[in-house]
Amino acid sequence: MEERSSVSPLELFFDLVFVFALTGVTALMADDTSARNLVRAVLVMAVLWWCWIGYTWLANVVRADEGFARVAMFFAMGSMFIIALTIPEAFDDLSGGLSGPVVFAVGYFFVRLMHLATFWLASADDPQLRGQLLRFVPSMAAGTTLLLIASQLTGTAQTLMWVAALVGDYLGTLLGGAGWRLKSASHFAERYGLIIIVALGESIVSIGIGVAALPITWPIVVGSILGLAVSGLLWWAYFDTTSLAAERAFSAATGETQVRLARGGYTFLHLPMVMGIVLISLGLKKVLNYVGDGSHHTLTDPLYGIPLVALFGGAALFLFGLAGFKVYVTGAMGPVNAGRIATGVVIVALIPLAWHLPALASLGLLTAVLLALIVIETVRFAEHRDEIRHGVH
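We now turn to the structure provided with this report. The structure displayed is predicted, hence computed values, not measured ones.

## Overview of the overall build of the protein chain
Then, in step 1: Within the protein chain, the secondary structure is distributed over 15 helices and zero strands.
Then, in step 2: Relative to the 2.2 N^0.38 estimate, which gives 21 Å for 393 residues, the radius of gyration of the protein chain is 21 Å and therefore close to what a compact globule would have.
Then, in step 3: Projected onto its principal axes, the C-alpha positions of the protein chain cover 65 × 65 × 35 Å.
Then, in step 4: Counting across all 393 residues of the protein chain, residues that qualify as buried make up 52%.
Then, in step 5: Here the analysis covers contacts within the protein chain between residues at least 6 apart in sequence; of these, 82% occur between residues at least 24 apart.
Then, in step 6: Counting only carbon and sulfur atoms, one obtains 70% of the accessible surface of the protein chain, whose full area is about 16,000 Å².

## Things to note about the packing of aromatic side chains
Then, in step 1: For the structure shown, the criterion picks out 26 aromatic pairs.
Then, in step 2: Both rings, one in Trp 57 and one in Trp 180, keep their centres 6.3 Å apart while their planes meet at 50 degrees; by these two values the pair is tilted. On the criterion of sequence distance, the pair formed by Trp 57 in helix H2 (residues 35–61) and Trp 180 in the loop between helix H6 (155–175) and helix H7 (185–211) is long-range, its members being 123 residues apart.
Then, in step 3: Trp 57 gets classed as buried once you look at its relative accessible area, which sits at 8%.
Then, in step 4: Trp 180 sits in the buried class, given a relative accessible area of 8%.

## As for the packing of helix H4 (residues 100–122) against helix H5 (residues 127–150)
Then, in step 1: Interaxial distance between H4 and H5 falls to 10 Å at its minimum, and their mutual angle equals 175 degrees. By the criterion of interaxial angle, the relationship of H4 to H5 is roughly antiparallel. In contact with Phe 104, Ala 105, Val 106, Tyr 108, Phe 109, Arg 112, Leu 113, His 115, Leu 116, Phe 119 and Trp 120 of H4, H5 contributes Leu 129, Arg 130, Leu 133, Leu 134, Phe 136, Val 137, Met 140, Gly 143, Thr 144, Leu 147 and Leu 148.
Then, in step 2: Residue classes in the contact of H4 with H5 are distributed as 17 nonpolar, three polar and two charged.

## A few points about the side chain of His 115
Then, in step 1: Among the secondary structure elements, His 115 is positioned in helix H4.
Then, in step 2: With residues up to four places along the chain from it excluded, the contact list for His 115 reads Gly 54, Tyr 55, Leu 58 and Phe 136.

## Digging into the side chain of Thr 242
Then, in step 1: Residue placement: Thr 242 occurs in helix H8 (residues 218–252).
Then, in step 2: Take Thr 242: its relative accessible area is 0%, and that puts it in the buried class.
Then, in step 3: Within the structure, Thr 242 has its side chain in polar contact with the backbone oxygen of Ala 237 (distance 3.3 Å).
Then, in step 4: Filtering out sequence-adjacent residues up to four positions away, Thr 242 remains in contact with Ala 237, Leu 322, Phe 325, Lys 326 and Arg 340.

## Thoughts on the environment of Ile 83
Then, in step 1: Relative to the helices and strands, Ile 83 is located in helix H3 (residues 67–85).
Then, in step 2: Once residues lying within four places of it in the same chain are set aside, the contact partners of Ile 83 are Leu 48, Cys 51, Phe 104, Gly 107, Tyr 108 and Val 111.

Basis of the calculations
- Residues numbered from 1 in each chain as written.
- Predicted model: local features only at pLDDT ≥ 70, side-chain atom pairs only at ≥ 80, totals over all residues.
- Heavy atoms only, no water.
- Helix = DSSP H or I, 4+ residues; strand = E, 2+ residues; numbered from the N terminus.
- Rg over C-alpha atoms; globule rule 2.2 N^0.38 Å.
- Buried < 20%, exposed > 50% of the residue type's maximum accessible area, 1.4 Å probe, protein only.
- Contact = heavy atoms within 4.5 Å.
- Areas by Shrake-Rupley, 256 points an atom, 1.4 Å probe, with all protein chains shown as cover.
- Phe/Tyr/Trp six-rings, centres within 6.5 Å; stacked < 30°, edge-to-face > 60°.
- Axes fitted to C-alpha atoms, helices over the stretch in contact; angles between N-to-C directions.
- Parallel < 35°, antiparallel > 145°, perpendicular 65-115°, else oblique.
- Nonpolar A, V, L, I, M, F, W, Y, C, P; charged D, E, K, R; others polar.
- Polar contact = N/O pair within 3.5 Å; in protein donor to acceptor, adjacent residues only side chain to side chain.

Now the structure itself:
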């Protein structure tokens, strides 16, 4: 693989299944806005993320659209699609048909198995990578086995077993060493940038789905523009300078240092950003439903409970993850990251106020805070921004 190789069309095709899965997570949260169901949705999201990230590492070592890797990608896509289809019954089986929790767990097993098998073939001439894969097997076995056990349980015991499965996967990978391979830093960084776009796209889809069957009105127009603005401001925060600065620091690193940056900065710290966007999607969907469905809500009805916490908390989580990502990869806190952390804290602090505002006003408040952050960053750090984007010194 060449150092400046770009993401292949097959990888983008693979992401389409992930988009569908994200939509399923948002729908799962929207159908039952209880705290218990929110926890379940977060656990499902963490499993889906671990399915996806494995193939970003794989496709950085071998071309995803060539040879056996192409076949493996299609098999993985099939398993991912089945997982996405079973999200509504990942915990509670619906009457009739196959057991949803079992199908979900088996699908996860096949996604992981294809990933491991393809990596094993790709490492035939690389003893170090083979050794890393052997250290990786216990965490994979623990995660998939515990998820299969969870499919036979219910209630709190089932949820705790899901947590144990994810701890086994995530912690095992973290402690399993840094003997992985990266052939193209630019490809790896681009891969994660694209998944941020994919998640933001899903948030836009949530806006449309929320009002697609309703007659267009001024509140719907305003709410849709505000929702799109939130997505656009998050895009700006990530892509204007942060992704560029992080990629340069990432590309400049070598050996195990680069692998650790990839694992910590991209694999782990992109999850809270994507999870934040998914939570925002839930909030946006509910806001548009409030302002558009006059038979059940009025324009003065406040957005409250889990949907409001998801909307504001998701934005804060994104900012925290974004700041952590840049600090981890570049090694410097800087005033920009400090400002983003402070803004995240402000957004969380505004939840009690937003609880008593009309739903559309709450969305407007969040948009205004994010807009203020971007404007301040753009004006106050204009010289630094030009240096990163255009090489101006």
